[in-house]
Amino acid sequence: MAGHADFRILVATDGSTQARAAIAAVVEGPWPDRTRVRAIVARRIRVPHRRSILLSALDRTADDAADSARGALAARWPGAEAVVVDQSPVKGVLGEAAKFRADLIVIGWRGHGAVRRLLMGGVSRGVVRGATCAVLVVRRRPRRVRRIVIGFDASPNARRAVRLVGRLAVPRNGRVLLVGVVEPLAPTSLGPRVGGIRSAVAREVRRLNTARAEAAAKGLNRAADELRRGGWQTRTELRSGEPLRALVDAVNAYQPELLVIGASGSSEGARHLLLGSVADGALNQCPVPVLLAR
């Protein structure tokens, strides 16, 4: 994230239902006291020749969306800004995020008919994969955040997720559940058939599984202690199984208002670097807003 003292949020809007949900998430979010907010509306670059009635209408739509976003954000931040840029949505949002030095981009999520849980909208996907800062993806108007689930595997990305939550303003009775998942190793069925050797392999696999679980528990406890010192009520949960499925199950059981998960960063040389299977799957499957930390 950016190194400046204030916390900067850029929210993308086009006036749609999903964009209004994103704006509501910003207004209701547990952001630090020193937070600056800017809304952006990105429209296609104007054609150089005579303006058509359609292009003029698109201009008015963009201006109306910016005015609406500015008014909604001003309820909490009277100095909130809204800008309209003549660029494609993905390029416009990412460019403005860099210019604004945003710590967080907030964007709505639009599905596609019957497969809405399998595909993200093209703009959302492009912003998520191209961003170099944290991104909050909002599917529907959220509830006020009081409970958060963090997917934690002790990786640098997961530690960034914990640090990001540590920057938030702790709401009254604010709670965090840190979920770690250990995918157990299993002896291969193609191993040697000699009884003694098979038994030794099985014992070694059990030892490795125990060691991995103990290391995961220690990492969870350290992260929980860090957040507890910041004022959050914390608990940890270590699950076994396939990581994405276990994390989604934890979200469904705990029913938080927000899931936070670490995601791989990107660079100029790899703008479409994969987020990682768990982060990618969480965006598609989780019923609550997903905050991707970078």
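What you are looking at is a predicted structure, and each value in this text was computed from that prediction instead of being measured.

Participant: Account for the sheet that holds strand β1 (residues 7-12), with residues named and values stated.
Facilitator: Strands pair in a sheet through their backbones, by hydrogen bonds, and they do so in one of two ways: parallel or antiparallel. One open sheet accounts for 10 strands, arranged β3-β2-β1-β4-β5-β10-β9-β6-β7-β8; its pairing is mixed. Both outer strands of the open sheet, β3 (81-86) and β8 (233-240), are each paired with one neighbouring strand and no more. The average undirected angle you get between the axes of adjacent strands in this sheet is 20°. Of the strands in this sheet, β1, β2 (35-43), β3 and β4 (104-108) are in contact with helix α3 (residues 89-100), which crosses β2 at around 155°. Against the sheet, helix α5 (residues 156-167) engages β1, β5 (134-138), β6 (147-151), β7 (175-182), β9 (258-262) and β10 (290-293), with an angle of about 135° to β9.

Participant: I'd like to hear about unusual backbone geometry, residue by residue, with values.
Facilitator: A negative phi angle is the norm for most residues apart from glycine, just as the trans form is the norm for most peptide bonds. The phi torsion at Asn 173 lies on the positive side, around 60°, for a residue other than glycine. With respect to the helices and strands, Asn 173 occurs in the loop between α5 and β7. Using a relative accessible area of 43% as the deciding quantity, one classes Asn 173 as partly exposed. The phi dihedral of Gln 255 is positive, around 55°, even though this residue is not glycine. Structurally, Gln 255 is set in the loop between α7 (243-254) and β9.

Participant: I'd like to hear about helix α4 (residues 122-130), residue by residue, with values.
Facilitator: Residues lying three or four places apart along an α-helix face the same way, a consequence of the helix completing one turn every 3.6 residues. Every buried residue of α4 is listed here: Ser 124, Gly 126, Val 127, Val 128, Arg 129 and Gly 130. Contact partners of the buried residues in α4: α3, β4, β5, α8 (277-285) and β10.

Participant: Provide a residue-level description of the packing of aromatic side chains, including the pertinent values.
Facilitator: In the structure shown here, the tally under the stated rule is 1 aromatic pair. With a centroid separation of 6.0 Å and an interplanar angle of 15°, the aromatic rings of Phe 7 and Trp 31 are classed as stacked. Note that Phe 7 is positioned in strand β1 and Trp 31 in the loop between α1 (17-28) and β2, a separation of 24 residues in sequence. Exposure remark for Phe 7: the relative accessible area of 1% places this residue in the buried category. By relative accessible area, which is 5% here, Trp 31 ends up buried. We note Arg 8 situated over the ring of Phe 100; from NZ or CZ to the ring centre the distance is 5.8 Å. Just above the ring of Tyr 254 sits the side chain of Arg 147; from NZ or CZ to the centre is 6.0 Å.

Participant: Quick one: what's the story with the nonpolar core, residue by residue and with numbers?
Facilitator: Generally speaking, a soluble globular protein has its nonpolar side chains buried in company with each other. Membership of the largest hydrophobic core comes to 46 residues, with the highest contact counts inside it found for Ile 148, Ile 150 and Leu 178. Excluding its chain neighbours within four sequence positions, the residues that come into contact with Ile 148 are Val 165, Leu 168, Arg 175, Val 176, Leu 177, Trp 232, Tyr 254, Pro 256, Leu 258 and Val 260. Core analysis: the second largest hydrophobic core is formed by 37 residues, Phe 100, Val 128, Val 248 and Cys 286 among them.

Participant: Explain the pattern of salt bridges residue by residue, including any values.
Facilitator: All chains considered together, the criterion is met by 15 salt bridges. We note a salt bridge from Glu 96 to Arg 38, for which the minimum N-O separation is 2.7 Å. Here Glu 96, found in helix α3, pairs with Arg 38, found in strand β2; they are 58 residues apart in sequence, far enough to count as distant. Judged on exposure class, the residue Glu 96 and its partner Arg 38 are both buried. Here Asp 86 makes a salt bridge to Arg 43, at a shortest N to O gap of 2.6 Å. Taken together, the positions of Asp 86 in strand β3 and Arg 43 in strand β2 put the pair 43 residues apart, joining distant regions of the chain.

Participant: How would you explain the packing of α3 against α4 if you had to name every residue and give the values?
Facilitator: Closest axis-to-axis distance for the α3/α4 pair is 9 Å, and the angle between their directions is 35°. α3 and α4 meet at a crossing whose hand is right-handed. Touching Pro 89, Val 90, Val 93 and Leu 94 of α3 are Gly 122, Val 123, Gly 126, Val 127 and Gly 130, all from α4. Its residues assigned to classes, the contact of α3 with α4 comprises 6 nonpolar, 3 polar and no charged.

Participant: Outline α3, supporting the account with residue identities and numerical values.
Facilitator: Here α3 spans 16 Å end to end across 12 residues, near enough to the 16 Å set by a 1.5 Å rise per residue. Elements in contact with the buried residues of α3: β1, β2, β3, β4 and α4. The positive-phi residue at the C-terminal boundary of α3 is Arg 101, with phi of around 55°.

Participant: Which residues make up a positive patch on the surface, and what values go with them?
Facilitator: Taken together, the side chains of Arg 159, Arg 163, Lys 218 and Arg 222 make up a positively charged region of the molecular surface. Looking at the secondary structure, you find Lys 218 in helix α6 (residues 195-229).

Participant: Describe the packing of α7 against α8, listing the residues and the values that go with them.
Facilitator: Two elements in contact, α7 and α8, have axes separated by 9 Å at closest approach and are oriented at 40°. As far as their axial angle goes, α8 and α7 are oblique. At the point where α7 passes α8, the crossing takes the right-handed sense. Along the contact surface, α7 presents Pro 243, Leu 244, Arg 245, Leu 247 and Val 248, while α8 presents Ser 277, Val 278, Gly 281, Ala 282 and Gln 285. Looking at the contact of α7 with α8 residue by residue, the class counts come to 6 nonpolar, 3 polar and 1 charged.

The rules we used
Residues numbered from 1 in each chain as written. Predicted model: local features only at pLDDT ≥ 70, side-chain atom pairs only at ≥ 80, totals over all residues. Heavy atoms only, no water. Pairing = 2+ DSSP bridges. Helix = DSSP H or I, 4+ residues; strand = E, 2+ residues; numbered from the N terminus. Axes fitted to C-alpha atoms, helices over the stretch in contact; angles between N-to-C directions. Contact = heavy atoms within 4.5 Å. Buried < 20%, exposed > 50% of the residue type's maximum accessible area, 1.4 Å probe, protein only. Phe/Tyr/Trp six-rings, centres within 6.5 Å; stacked < 30°, edge-to-face > 60°. Lys NZ or Arg CZ within 6 Å of the ring centre and 35° of its normal. Core = buried A, V, L, I, M, F, W, Y, C linked by side-chain atoms within 4.5 Å. Salt bridge = Lys/Arg side-chain N within 4 Å of Asp/Glu carboxyl O. Left-handed = near helix turned anticlockwise from the far one by under 90°. Nonpolar A, V, L, I, M, F, W, Y, C, P; charged D, E, K, R; others polar. Expected span 1.5 Å × (residues − 1). Patch = residues over 30% accessible without salt bridge, like charges linked within 9 Å, V, L, I, M, F, W, Y side chains within 5 Å. Areas by Shrake-Rupley, 256 points an atom, 1.4 Å probe, with all protein chains shown as cover. Lys, Arg positive; Asp, Glu negative; His and termini not counted. Charge placed at Lys NZ, Arg CZ, Asp CG, Glu CD. Parallel < 35°, antiparallel > 145°, perpendicular 65-115°, else oblique.

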